[in-house]
Amino acid sequence: MSVVSQPIDRTDGPLKVTGQARYAAEFQLPRLAHAVIVQSTIAKGSIVSLDASGAQKAPGVLLVISHLNAPKLPQGGKAAIKPPAGRTLSLLQENVVHYNGQPIAVVVADSFEHAVAGADLVRVRYAEAKAQLDFERAKRDAYPVKQMPQGEPAVAWGESDKALGAAEVRIEQTYTTPMETHNPMEPHATIAAWEGERLTLYDSTQYISGVRETVAKTLGIAPERVRVVSPFVGGGFGCKGSTWSHVVLAAMAAQRAGRPVKLALARPQMFGPVGGRPQTEQRIALGAKKDGSLVAIRHDVVSHTSLMEDFTEPATMPTRALYACPNAAVSQRLAALDVGVPTFQRAPGESSGTFALESAMDELAYALGIDPLELRLINYAEADPRTGKPWSSKMLRECYADAAERFGWAKRPAKPRALREGHALVGWGMATATYPAHRRPAAAMARLLPDGTALVRSGTQDLGTGTYTVMTQVAADALALAPERIDFELGDTLMPPAGVSGGSTTVASVAPAVKAACEEVRGKLASLFAPGREQDVVAENGWLWLKSQPSRRESYAAILARAGGAPLEAQAKAEGEERDKGPYATRSFGGVFCEVRVDEDLGRISVPRIVAAYSVGRLMNAKLARSQLIGGLVWGVSMALMEETHLDLRDGRIVNANLAEYHVPVNADIGAIDVSFCDENDTRFNPVGARGIGEIGITGIPAAIANAVYHATGRRIRKLPILLDDLI
Ligand code: MOS
């Protein structure tokens, strides 16, 4: 029986619950010093004077680095700008301030407390310049996106404007989403340690190879001299996909201090210098025939970026793929602000984009007098609408049917304000979830040890998502060994390299490499066991035997012992894809249904139940998959009703840079969540048949909630988060 798909417990669970899992800030190094970042308090301008003398004399302070004395980096620290790994960093190379919260000095001391106290004594005077902080104003100078990693920034097919003009029914609306900030449980942290010319970084990252390359290029040293170690990550969600300033600053500080340095960001420092989701304004126009079939779609997005770097929230991406429509046009523009560079945040594009598109589809359904689910089925995309390519696998129809049935959608009254319970208006809403599936190159090694256990490694990451567990399962099947006999290791650049754990690509990319390395080892073992008769060899649970002669049976350990006792080893590499070049369109989908209750007097909104079904390819681990989707849906509730990063328009300070005022749900905010999956195996996409599940959960649900709020109250809210003051 296959170990893949089994709902086994996390293999790293015991290490985590017993505190043995070591996160970046927890590595113990001799003579470890502590660094604290001093941040700018203005949004734009220059540093006129920076007086570190008080800090330097403070107890325990070893050194203060600022633009006055920082080591000069090649190309002013800009040598490695190549997103996603390399971004525009603030590395104390100049006295210019680009945003409030920018690192402007680093204080290193013998203890964390001394570093904090020292940082407090750094005196800075600025020459302030007028900053652009107002999205509404910056929008007037919005400019077209030149390129974005997800695809062409603007595409069109057919003649959407003409078709819109001639459409029997038309809706045109603007939807907005706010700036948001990632808040993984574990803030960013780096320990940097030099041994002569060699640098080791213990870093909380989604991309160890990216950190290595970025840091090496930024410092002007060979990548081979940099080792990055990241065995456990306490959540990433995109903010740890790029290498931010603090990582390089830790390396610079350690070099200057002549001893290892730990630089762990405090929670408030997570808001600004390490990215966040851009705010968006999205204009959508839909045209349809009276029978509900779409004739035209337009989706035009403006999102904010930093004046330092273009980063695009690609909110038009889902619109290119969700519905069959002969005429469509989408575009992306940027409005630049004097703020920190924004970045990828869980389901970048799809989460914000499906809010707009799936709200607009709901509005169209009411305009047509057609049930919102029926409208989606009328416009079901049997192939990729833009390219006409067939899907590698798509079971969205089954998802809709399954989730609708379990939700009881058929009993939904068509009119808003038709359901009520006591003081609460009750509403039912639905939306489509979607996220693309991609593969990146990855390598792995497998080693069968003399005791019949195996060591398998890949230089990938586990953000808490389950990479350890799933790769153990893949290796177990490929080696025909029980998962308990496999030790899977990751998170070290000394291992065979893999890509960024972002874009829901880890399983799809790394599992084929792990499978191939393990199968090669198993092939070698079969040759030792029965040379020339490998086709006749059967493997099961640590034993080989001959199909034609079942009595000829031997354990892995015995075979290795007979062959001299040396381990068997293989390395394998799995190719990535050439994006958009393959014969199939590859994307995951889901149907999301929810109920909201709105207190008629107070406007208080709750979401007592969510039912969702997903088409995501083969499930590698049913238990982890369900948890992953529940987590995504919870974040979707958060996006719909709570999260917003508030910028003070006077000075660019993020005013709610803490978990008391940046609202996220607690357990009591979340109702029943019912997640199911289609029985699917997408081997056209990759040899393990899985498309990746890290991000799709947050998509669709914000629109489903907005649509349910409309159904409950008759009030269409086209902005996130939907707050009680929007409803009273
Ligand atoms: Mo994800 S936002 O691509 O880490």
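Residues numbered from 1 in each chain as written. Predicted model: local features only at pLDDT ≥ 70, side-chain atom pairs only at ≥ 80, totals over all residues. Heavy atoms only, no water.

Could you clarify how one ought to interpret the side chain of K262 in this entry?
The residue K262 is located in strand 13 (residues 261-264) in this model. At 2.7 Å, the side chain of K262 and the backbone oxygen of A25 are in polar contact. Apart from the residues within four sequence positions on either side, K262 is in contact with A25, L32, A33, H34, A35, T190 and I191. (Helix = DSSP H or I, 4+ residues; strand = E, 2+ residues; numbered from the N terminus. Polar contact = N/O pair within 3.5 Å; in protein donor to acceptor, adjacent residues only side chain to side chain. Contact = heavy atoms within 4.5 Å.)

Even after reading the chapter, I still don't get the sheet that holds strand 28 (residues 672-677), so can you show me in this structure?
Hydrogen bonds between backbone atoms are what pair the strands of a sheet, whose relative direction is either parallel or antiparallel. An order of 17-18-26-27-28 is seen for the five strands of this open sheet, with the pairing classed as mixed. What marks the edges here is a single partner per strand, and that holds for strand 17 (419-421) and strand 28. Strand-to-strand twist of the sheet, defined as the mean angle between neighbouring strand axes without regard to direction, takes the value 25 degrees. Of the pairings in the sheet, the one linking strand 18 (residues 424-436) to strand 26 (residues 587-599) comprises 13 bridges and is antiparallel in character. Bridge pairing in strand 26 places G427 opposite V596. Helix-sheet contacts for helix 14 (residues 622-641) involve strand 26, strand 27 (605-615) and strand 28, and the interaxial angle to strand 28 is about 130 degrees. (Pairing = 2+ DSSP bridges. Axes fitted to C-alpha atoms, helices over the stretch in contact; angles between N-to-C directions.)

What exactly am I supposed to notice about unusual backbone geometry here?
Negative phi characterises most residues that are not glycine, and trans characterises most peptide bonds. The step from P83 to P84 runs through a cis peptide bond, and the omega angle for that step is 10 degrees. Looking at where P84 falls in the secondary structure, it is placed in the loop between strand 3 (61-66) and strand 4 (96-97). Unlike most non-glycine residues, Q75 shows phi in positive territory, near 50 degrees. Tracing the sequence through the fold places Q75 in the loop between strand 3 and strand 4. The exposure class of Q75 is exposed, given its relative accessible area of 61%. (Buried < 20%, exposed > 50% of the residue type's maximum accessible area, 1.4 Å probe, protein only.)

I keep staring at the nonpolar core and nothing clicks. Help me out?
The nonpolar side chains of a soluble globular protein tend to be buried with one another. Grouped together as the largest cluster of nonpolar side chains are 87 residues, with contacts concentrated most on L286, V596, Y614 and I705. Apart from residues no more than four positions distant in its own chain, I705 is found in contact with C594, V596, V607, G636, V637, A640 and L641. Formed by 57 residues, the second largest nonpolar core is a distinct cluster that contains Y99, L199, V211 and V302. (Core = buried A, V, L, I, M, F, W, Y, C linked by side-chain atoms within 4.5 Å.)

Help me understand helix 6 (residues 208-219) in this model?
Note that an α-helix has 3.6 residues per turn; residues three or four places apart therefore point the same way. Its 12 residues place the ends of helix 6 16 Å apart at the C-alpha level, agreeing with the 16 Å of an ideal helix rising 1.5 Å per residue. Here helix 6 lies mainly inside the structure; nine of its 12 residues are buried. Turning to helix 6, its buried residues number three or more, namely I208, S209, G210, V211, T214, V215, A216, T218 and L219. Buried-residue contacts for helix 6 involve strand 10 (189-195), strand 11 (198-203), strand 12 (226-229) and helix 7 (245-257). Just past helix 6, the residue G220 takes up positive phi, approximately 75 degrees. (Expected span 1.5 Å × (residues − 1).)

Looking at this model, I keep getting lost on the packing of helix 14 against helix 15 (residues 701-713). Mind explaining?
Think of two packed helices as two axes; the pair is described by the angle between the axes and how far apart they sit. Two elements in contact, helix 14 and helix 15, have axes separated by 8 Å at closest approach and are oriented at 55 degrees. Considering the angle they form, helix 14 stands oblique to helix 15. Both helix 14 and helix 15 take part in a crossing whose hand is right-handed. Here helix 14 contributes L633, G636, V637, M639, A640 and L641 to the contact with helix 15, which in turn contributes I701, P702 and I705. Classifying every residue of the contact of helix 14 with helix 15 by side-chain character gives eight nonpolar, one polar and no charged. (Parallel < 35°, antiparallel > 145°, perpendicular 65-115°, else oblique. Left-handed = near helix turned anticlockwise from the far one by under 90°. Nonpolar A, V, L, I, M, F, W, Y, C, P; charged D, E, K, R; others polar.)

Explanation requested: the sheet that holds strand 20 (residues 454-457) in the structure shown.
An order of 21-20-19-25 is seen for the four strands of this open sheet, with the pairing classed as mixed. Looking at the sheet topology across the chains shown, the edges are occupied by strand 21 (486-489) and strand 25 (568-574). Taking the axes of each pair of neighbouring strands and ignoring which way they run, one obtains an average angle of 15 degrees across the sheet. As judged from the four bridges shared by strand 19 (residues 442-448) and strand 20, these two strands associate in the antiparallel manner.

What am I meant to see in the domain arrangement of the chain here?
Per the domain assignment, the segments of the chain are domain 1 (24-130 + 185-235 + 240-270), domain 2 (280-438 + 581-726) and domain 3 (440-574). Here the C-alpha centre of domain 3 lies 39 Å away from the C-alpha centre of domain 1. Each side of the interface is counted separately: domain 1 has 17 residues, and domain 3 has 18 residues. In this assembly, domain 1 packs against domain 3 so that about 1,300 Å² is buried in total across both faces, 54% of it on carbon and sulfur atoms. Three residues stand out in domain 1 for area buried against domain 3, namely Q206, I208 and R227, and they jointly supply 40% of the buried area on that side. Here domain 1 is connected to domain 3 by one salt bridge. Between R227 and D492 there is a salt bridge whose closest N-O contact spans 2.5 Å. Counting residues per element, the ones that place at least two in the side of domain 1 that touches domain 3 are helix 6 and strand 12. If one sorts the elements of the side of domain 1 that touches domain 3 by residue count, strand 12 sits on top with four residues. In terms of residue class, the side of domain 1 that touches domain 3 is built from eight nonpolar, seven polar and two charged. (Domains from an automatic or database assignment. Buried area = accessible area lost by both parts, 1.4 Å probe. Salt bridge = Lys/Arg side-chain N within 4 Å of Asp/Glu carboxyl O.)

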